[in-house]
Amino acid sequence: MDLRKLVMNFSVALFAQGSSLFISCLLALFVPKVLGIDEYGYWQLFIFYSSYVGFFHFGLNDGIYLLFGGKTREEIDKSSIKSQFLFVVAMQLVIAACVVVVSFFTVDDSHRMFVVAAVAFFMVTGNATSFLGYIFQAMNETKLYSFSVLVNSLAFLLPLVVLLVLRISSFEIYIVFYLVAKVISLIFCLLRSLDFLKVAFLPASKTFKRSFECMRVGIKLTLANVLNMLIVGVIQFLADWEWGIEFFGQVSLAFSMVTFFMTFISQASMVLFPALRQANKADLVAFFEGTRDATNFFLPGILVLYQPFAWILTIWLPQYAFSFQLFSFLFPICVFDGKMDVVGATYLKVIRGEKALLLINFTAVVISALGSYCGIVLFHSIELAIISALIAIIWRCFFSEYLVEKKLNCGSSKTNIGLVILTLIFIVSNVTVGGLFSTVFYLFAYTSFLLVNRKEVINILKSISSALK
């Protein structure tokens, strides 16, 4: 496995995602300052619904990703890719048209109707861009995918700044420019795929056959990804249903802040998959053990940022103070979801364990949904709902790790219990005491955790240092 290339791809991915993170920060910090609470709720509703449009390619994009992963641009069947690309675009157009027509007769709220129409448009452009992005990733041209993310971010940045400076308070305008940026990103991907577009089409019968084969392979991973989002997404669905758009906006702001960190961490998974598909068994085992232990030691450091982060945001957006009170329950999700993304989900994809990943995520959604229903509908407690989601995510993280360890015939981690103890210390100290004391107390506990495991920490740091040389 070419570690130098892996580090280079990861660096480019982080840079591109850093631009996206900057946009997300602007959206989270300034958009709620300009929009009213209801308007911001509709903006968040669009973002929330848009995150689920990936389901409607029904596994085609993920199947392409799995079947062609590890092939170079010269080896890949370009005619098949071109034909399936047009197939998925045509399918998205039909589905989007049906969604708009049905919503026109069933949705009374004009603002919600606009959101639905915008999501339908995003479904077409977003899934088309995703298809090409998955091709880039499958060919281990992850830098191209990262550049498409960068193009999307920059295309949205300029109009966003103008809208914020002019204090435009209509959420519809923000959505329109968001969609325009996605179209520009799609054009970039098409321009970098001209060699695919120049080849001949496959006959319709072969196109349908290969497309449905990709769907058959990819649908498990697609459903697993959707279920992954639903573990916490079910809380937002129930919050909107039970308490309305204003409370939904409050809750979604808190979730969007946490998503910053999870999106940043997920870039490791995107870079690792094509490289690990080309690795031998010994490299797989060594890299798995290294990444598993590294995430155990370093991801909990994120929790140190909680108090200063929440304090600054409460001063900046006092009308959303309730949102930031939820951080003490949401921040640990970053740790275990990030660990799952890098260690569990990535390796299950590499060893073709999509069925196991689907079943794990389905079980986690059931746990989260039951807890969320009890918390929100029965006890009117959003905190109880979030705790149930956290429990589901912790179980999912450790069980998927166990399955990979069993498949690769490697030893289990000795630090998972310490990770859970750190999480409990973080939550209890912030709920009962809070403030500076809880931060100092957690920092002491985290430092003690690193010192107890200092030999393993030093070995990991040495491995990272040698990889960078």
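Scroll up a little and you will see the structure.
Notes on the packing of helix H14 (residues 327-350) against helix H16 (residues 382-408)
1) Next: Interaxial distance between H14 and H16 falls to 9 Å at its minimum, and their mutual angle equals 25°. Classified by the interaxial angle, the pair formed by H14 and H16 is roughly parallel. Between H14 and H16 lies a crossing of left-handed hand.

Regarding the packing of aromatic side chains
1) Next: Inspection of every chain in the model, using the stated rule, returns 42 aromatic pairs.
2) Next: Considering the side-chain rings of Tyr 306 and Phe 331, the 5.8 Å spacing of their centres and the 65° angle between planes classify their relative orientation as edge-to-face. In this pair, Tyr 306 sits in helix H12 (residues 306-316) while Phe 331 sits in helix H14, placing the two residues 25 residues apart along the sequence. Taken individually, Tyr 306 and Phe 331 each receive the classification buried, so the pair is uniform in this respect.
3) Next: An aromatic cluster is defined as three or more aromatic residues linked by ring pairs; in this entry it consists of Tyr 306, Phe 309, Phe 324, Phe 327, Phe 331, Phe 426, Tyr 442 and Tyr 446.
4) Next: Its guanidinium or amino end placed over the ring of Trp 316, Lys 33 lies 4.5 Å from that ring's centre, counting from NZ or CZ.
5) Next: When the ring centre of Phe 201 is taken as reference, the NZ or CZ atom of Lys 82 above it lies at 4.1 Å.

Some thoughts on the pattern of salt bridges
1) Next: Considering all chains together, one arrives at 8 salt bridges under this definition.
2) Next: For Asp 77, the salt bridge goes to Arg 210, with nearest N and O atoms at 2.8 Å. Linking Asp 77 in the loop between helix H3 (60-68) and helix H4 (78-106) with Arg 210 in helix H9 (residues 204-243), this pair joins segments that are 133 residues apart in sequence.
3) Next: What makes Arg 210 partly exposed here is its relative accessible area of 29%.
4) Next: Residue Glu 405 pairs with Arg 292 through a salt bridge whose shortest N-O separation is 2.9 Å.

Here is what the cut-offs are and how they apply
Residues numbered from 1 in each chain as written. Predicted model: local features only at pLDDT ≥ 70, side-chain atom pairs only at ≥ 80, totals over all residues. Heavy atoms only, no water. Axes fitted to C-alpha atoms, helices over the stretch in contact; angles between N-to-C directions. Helix = DSSP H or I, 4+ residues; strand = E, 2+ residues; numbered from the N terminus. Parallel < 35°, antiparallel > 145°, perpendicular 65-115°, else oblique. Left-handed = near helix turned anticlockwise from the far one by under 90°. Phe/Tyr/Trp six-rings, centres within 6.5 Å; stacked < 30°, edge-to-face > 60°. Buried < 20%, exposed > 50% of the residue type's maximum accessible area, 1.4 Å probe, protein only. Lys NZ or Arg CZ within 6 Å of the ring centre and 35° of its normal. Salt bridge = Lys/Arg side-chain N within 4 Å of Asp/Glu carboxyl O.

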